[in-house]
Amino acid sequence: MACLRLKAESLMRTRCSLSRLVRDDEVLSTILLLGIIALFCFNLHPSLLTRFDYPALERRYKNWKANPTDLNWFMPDNDLYAYAGWKYVNGTSPDEINFEHPPLAKYLIGLSAVFFNNQNVIGAALGVFSLLVLYEFSKKLLGRSLFSLIPVYMLSLERLFIGFASSSMLDIYVVFFLLLSLLLFSRSKDDIGIFGGAVALGLAGACKQSGLLAAPALAIPVIMRKRKRAWMFLLEIVVVASLVYCLAYVWFFVRGHSLSDFFELQRRMLAFQFGRRYGDTYPPWLPLTLLTGIAGPETRNLIYVDEVSNTVNIVTKHGLSMASEFNVLTWPLSFSAAVLSLYQAVRTRNTTLLQLCVYYFGFLIPFTFSQSFVWYLLPAFPIGFLLLTNNLKEI
């Protein structure tokens, strides 16, 4: 009896020490997560000190439209989206300015400008929320350990992510809604998770149509878990996501436009994007950029001024353009991790791993032979970092 009592006491002490260890791990993870968020916010804070200047943007926009070849009035995308967002919030229909992208993200940018006199605040907040959602999703693959913080830390230091969370670009909104959709679909054992994931997918598509490239990957857990009833849930996802997408155009319909006008606008949008991306033949620069940082060929005209002889010489030089945001460690390693993870997913029939690989390559492959920019892959970066961490954990 005494021996049994000693064994029971030893077992209880072991359980208490394990539970204490789990609690300590969670407390440490929370503290480190708050530190990561604080560092990320510190990197963002300069963009929150600027003020939205509508008269200057309106003057630039009008001069740019009147003289599109005059580079002095060229309007970069972030200023164009901020100007369009302000106009949307103040009653302009989405088809009247910058129809090339859906309007939801621009509405949020406009609301940020109206309420905070700064067009970057809501985007910065969604950047923070993206890190939190990624942490929650990472725990499902990596377990409740400090490993779940590694992809969050990588993303928080990613210059491309910081840059887009600091400006009025659309992609940061897509990143947040897609990560939220991934998290909700991963809980697709109940109808609420599927409904919430479909809503988040529709919101991502309503920010930028490229967000819909994640749809095949998001459907994988639904197909695997629901089996024979999967088609019903997939139909529900399509209907819900489509309705959410259409809701972003409520003011378009209020202004008197019909359903046929809506479909015509979507056709124009797709035709514009397809023509810009696939109107010509392009080499596969995007995978090369991920692996080496080389963005493509570049031609520079160097001007040499001789003050003594008062002559000017122009020398043309050809070379390779490097992506300024390139991270020599995380970019090529996350690509390699995605390739290795795809092999592991097929070999072990791991549904979660397969979903993440399909998601990652779902953004890479369509833009490989198109006129594209490296930030088109921004939604895939968090998943690439997660796959990289998962491979590191298995070593």
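Let me begin by describing the structure that accompanies this report. (Residues numbered from 1 in each chain as written. Predicted model: local features only at pLDDT ≥ 70, side-chain atom pairs only at ≥ 80, totals over all residues. Heavy atoms only, no water.)

1. Thoughts on the overall build of the protein chain
To keep things clear, this is the line we draw: Here a strand is any run of E in DSSP of at least two residues, a helix any run of H or I of at least four, and the numbering for each starts at the N terminus. Burial classification: accessible surface area is computed with a 1.4 Å probe over protein chains only, and a residue below 20% of its type maximum counts as buried, one above 50% as exposed, and the rest as partly exposed. The contact rule is simple, with two residues in contact once any of their heavy atoms fall within 4.5 Å. The Shrake-Rupley method, run with a 1.4 Å probe, gives the accessible areas here. Residue values count only the displayed protein chains as cover.
Looking only at helices and strands, the protein chain features 17 helices and two strands. Considering the protein chain as a whole, with its 395 residues, one finds that 46% of them fall into the buried category. By sequence separation, contacts in the protein chain at least 24 residues apart represent 69% of the contacts at least 6 residues apart. As presented, the protein chain carries roughly 20,500 Å² of accessible surface, and 65% of it is formed by carbon and sulfur atoms.

2. With respect to the packing of aromatic side chains
Stated formally: Pairing of aromatic side chains here covers Phe, Tyr and the six-membered ring of Trp, requires ring centres within 6.5 Å, and sorts the geometry by plane angle: under 30 degrees stacked, over 60 edge-to-face, intermediate tilted. As a reminder, the over-ring test applies to NZ of lysine and CZ of arginine, requiring each to be within 6 Å of the ring centre and within 35 degrees of the ring normal.
The final tally for this structure, using the stated rule, is 29 aromatic pairs. Look at Y359 and F363: their rings are 5.3 Å apart centre to centre, the planes differ by 55°, and that puts the pair in the tilted class. Separated by four residues within a single helix, Y359 and F363 lie in helix α16 (residues 351-364), roughly one turn from each other. Take Y359: its relative accessible area is 1%, and that puts it in the buried class. Members of the aromatic cluster, each reached through a chain of ring pairs, are F52, Y54, Y61, W64, F74, Y83 and W86. The positively charged end of K65 is found above the aromatic ring belonging to W64, 4.9 Å away from the centroid. R268 extends its terminal NZ or CZ atom over the ring of F99, reaching a point 4.1 Å from the ring centre.

3. Considerations on unusual backbone geometry
Unlike most non-glycine residues, N98 shows phi in positive territory, near 50°. Checked against the element boundaries, N98 lands in the loop between α3 (77-89) and α4 (104-116). Taking the relative accessible area as the measure of exposure, N98 reaches 9% and is therefore buried.

4. Some remarks on the environment of F195
Along the chain, the position of F195 falls in helix α9 (residues 191-207). Its relative accessible area of 45% is what places F195 among the partly exposed residues. Sequence separation of F195 and L184 is 11 residues, and the distance between their C-alpha atoms is 8.5 Å.

5. Overview of a nonpolar patch on the surface
Under the convention used in this document: Patch membership is restricted to residues that have no salt bridge and whose relative accessible area is over 30%. Joining uses 9 Å for like charges and 5 Å for the nonpolar side chains Val, Leu, Ile, Met, Phe, Trp and Tyr. Note on definitions: salt bridges are taken to be side-chain nitrogens of Lys or Arg within 4 Å of carboxyl oxygens of Asp or Glu.
Residues W231, M232, L235, V239 and L243 make up a contiguous nonpolar surface patch of roughly 540 Å² in combined accessible area. Inspection of the secondary structure assignment puts M232 in helix α11 (residues 230-247).

6. A word on the environment of G202
Relative to the helices and strands, G202 is located in helix α9. Distance in space between the C-alpha atoms of G202 and S242 is 6.3 Å, their sequence separation being 40 residues. Not counting residues up to four positions away in its chain, the partners in contact with G202 are A241, V244 and Y245.

7. Describing the pattern of salt bridges
Any two side chains of opposite charge can pair if their charged atoms end up close together. Taken as a whole and judged by the stated rule, the model has five salt bridges. For R267, the salt bridge identified is with E264, shortest N-O distance 2.8 Å. On the criterion of helical spacing, the pair formed by R267 and E264 is a turn pair, its members being three residues apart in helix α13 (residues 259-278).

8. Comments concerning the layout of surface pockets
Where we set the bar: Using protein atoms alone on a 1 Å grid, points that fit a 1.4 Å probe yet trap it form a cavity, whereas open point sets bounded by protein on both sides within 12 Å along at least five of seven lines form a pocket; residues with an atom within 4 Å of a point count as lining. Grid points are joined across faces, edges and corners, and a volume is the space filled by probe spheres set on the points.
Roughly 880 Å³ of internal volume is contained in the largest pocket. Residue lining of the largest pocket: 37 residues in total, with E100, H101, F272, Q273 and R277 positioned closest to the centre. Where the lining of the largest pocket is concerned, the elements lending two or more residues are α2 (54-66), α3 and α13. The element best represented in the lining of the largest pocket is α13, accounting for eight residues.

9. Considering the packing of α16 against helix α17 (residues 381-394)
As a reminder, the rule being used: Angles shown run from 0 to 180 degrees and are taken between the N-to-C directions of axes, each axis being a line fitted to C-alpha atoms and, for helices, limited to the stretch in contact. Relative orientations are named as follows: roughly parallel for angles under 35 degrees, roughly antiparallel for angles over 145 degrees, roughly perpendicular for angles from 65 to 115 degrees, and oblique for any other angle. Handedness of each helix crossing follows the sense of rotation of the near helix against the far helix: counterclockwise by less than a right angle gives left-handed, clockwise gives right-handed. When residue character is reported, Ala, Val, Leu, Ile, Met, Phe, Trp, Tyr, Cys and Pro are called nonpolar, Asp, Glu, Lys and Arg charged, and the others, Gly included, polar.
One way to put it is that α16 packs onto α17 with a least axis distance of 9 Å and a crossing angle of 140°. Between α16 and α17, the angle is such that the two are oblique. Relative to α17, the crossing made by α16 is left-handed. Packed against α16, whose contacting residues are L353, L356, C357, Y359 and Y360, the element α17 presents I383, G384, L386, L387 and N390 at the interface. Classifying every residue of the contact of α16 with α17 gives eight nonpolar, two polar and no charged.

10. Brief notes about α4
Formally: To estimate how far a helix should extend, the number of its residues minus one is multiplied by 1.5 Å.
Between its first and last C-alpha, α4 extends 18 Å over 13 residues, near the 18 Å set by a 1.5 Å rise per residue. The complete set of buried residues in α4 reads L104, A105, K106, Y107, L108, I109, G110, S112 and A113. Buried residues in α4 make contact with α3, α5 (121-142), α8 (171-185), α9 and α12 (250-254).

11. Digging into the side chain of R277
Defined as follows: When charges are counted, Lys and Arg contribute as positive and Asp and Glu as negative, whereas His and the chain ends are disregarded.
The residue R277 is located in helix α13 in this model. No salt bridge forms around the buried R277; measuring N to O, its nearest opposite-charge neighbour D77 is 7.2 Å away. Apart from the residues lying within four places of it in its own chain, the contact partners of R277 are Y282, S370, Q371 and Y376.

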